[in-house]
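Close look at the chain arrangement
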Amino acid sequence: MPDTKDFRTIDEQIEGLEKRGLQFKNKKKAVDILKKYNYFDVINGFESILLKKNVGVKEYENIYFEDFKDLYFFDLTLKKDTLFKIFDIESRLRTSIAYNFTSKYCSSAKDTMNYTDPKYYKKPTDVHLKNIFLRFDLFRQTQVDVHGKVKRKSFIDELKLEREYVGQYKNPPFWVVIKALPLGSLYYTFIFLDDTVKEKVLKDFGLELVDADLFEQALFVLKEVRNQCAHLELITRFRLKRSKGLNYLNDITVKANLSHGDINYLDVVRIFRVFGTVSDIKREILLFYLKMLGKRRKEIADKILAKMGRKNLKVWMNL
């Protein structure tokens, strides 16, 4: 493992790739791409499926820079489609939680701030979740020292300073505040809802209260997917390891027919089916596959689909 690497110009990067046997159909376009997009993402992100196997050094055989380009832009397209779906689910969830919680616990002006009071939620029994519940930002009130000096503002007061649309209100309603919650906080807000509100939220998604664990686990996975997309990581290489911590993902594995190993992108698409259609993602995968067939690069298309979860195109088309 090298300690680090020296800086290399674009021309030096291309020269290094040529020494490994990578071919170029158009070097000028290759230069333009490497000026716009990170070399590590474009090349290193896919080299594991394009490098010649069983050799001691990095070497390519019958591989073109344009193969890397096609894979990279396919990943970008999937990333946009994936983020759009997560944004849609987020938006629906924010609206549903705010509406159903407010209608039950914040229906009058004097009750507006009840959403910041933990007594209107259900305290979890799981030790890990219980600790999060006790420290949950939404419940944080203003903290003062023995002299009455403010040590830390309440979560809502800090939010008023950060978000102008929240600061317009003395007592901002839940449907305004929930817009500012990150997906992680939104995820825990759903977990902490009492059953009467949670049941109504689930109904808005065509589910029942018995599906609460399935829904929670779906949100857990999508939260991780969103983070990977936000940091411009390759979505085709998405992996989420199962751990003994908060969530074993048992319910969603059975009900959404997920892999029993690490969660991959095929599993993500299966989770999207819980919330609606995946025809747009299937279309992009099919168009990419047909494009690669037209270029006689079927082997490469098969390899990236395998990396995403399953090599067989029919598996994806039957989702």
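All values reported here derive from a predicted model rather than from experimental measurement.

Conventions adopted
Residues numbered from 1 in each chain as written. Predicted model: local features only at pLDDT ≥ 70, side-chain atom pairs only at ≥ 80, totals over all residues. Heavy atoms only, no water. Axes fitted to C-alpha atoms, helices over the stretch in contact; angles between N-to-C directions. Helix = DSSP H or I, 4+ residues; strand = E, 2+ residues; numbered from the N terminus. Parallel < 35°, antiparallel > 145°, perpendicular 65-115°, else oblique. Left-handed = near helix turned anticlockwise from the far one by under 90°. Contact = heavy atoms within 4.5 Å. Buried < 20%, exposed > 50% of the residue type's maximum accessible area, 1.4 Å probe, protein only. Polar contact = N/O pair within 3.5 Å; in protein donor to acceptor, adjacent residues only side chain to side chain. Nonpolar A, V, L, I, M, F, W, Y, C, P; charged D, E, K, R; others polar. Arc of directions from axis to C-beta.

Okay, the packing of helix H1 (residues 10-19) against helix H2 (residues 27-36) next. At a minimum axis separation of 10 Å, H1 and H2 run at an interaxial angle of 120°. Our classification of the angle between H1 and H2 gives oblique. For the pair H1 and H2, the crossing hand works out as right-handed. Between H1, through Ile10, Asp11, Gln13, Ile14 and Glu18, and H2, the contact on the second element is made entirely by Lys27, Ala30, Val31, Leu34 and Lys35.

For the rest of this paragraph, the subject is unusual backbone geometry. Trans peptide bonds make up most of the peptide bonds, and negative phi angles are found at most residues other than glycine. Here Leu232, not a glycine, exhibits a phi torsion of approximately 60°, which is positive. Here Leu232 is to be found in the loop between helix H12 (212-230) and helix H13 (250-255). Judged by its relative accessible area of 55%, Leu232 is exposed. Despite not being glycine, Arg296 shows a phi value in the positive range, around 60°. Checked against the element boundaries, Arg296 lands in the loop between helix H15 (279-294) and helix H16 (298-308). A residue is classified by how much of its surface remains accessible, and Arg296, at 77% relative accessible area, is exposed.

In this section: the side chain of Thr236. Mapped onto the elements of the fold, Thr236 is located in the loop between H12 and H13. A polar atom in the side chain of Thr236 sits 2.5 Å from the side chain of Asp75. For Thr236, the contacting residues outside a window of four places in its chain are Phe46, Phe74, Asp75, Leu78, Ile304, Lys307 and Met308.

As a further point, take the packing of H15 against H16. Where H15 meets H16, the closest approach of the two axes is 7 Å, and the angle between their N-to-C directions is 150°. Between H15 and H16, the angle falls in the class roughly antiparallel. Residues Ile285, Phe288, Tyr289, Met292 and Leu293 of H15 pack against Lys298, Ile300, Ala301, Asp302, Ile304, Leu305 and Met308 of H16. For the contact of H15 with H16, the class distribution of residues is 10 nonpolar, no polar and two charged.

For helix H11 (residues 195-204), the full list of buried residues reads Val197, Lys198, Val201 and Leu202. Viewed end-on, H11 has its buried residues packed into an arc of 135°, placing them on one side of the element. Looking at the packing, one finds that the buried side of H11 touches helix H5 (65-105), helix H10 (183-192) and H12. Phi turns positive one or two residues past the end of H11, at Gly206, with a value near 75°.

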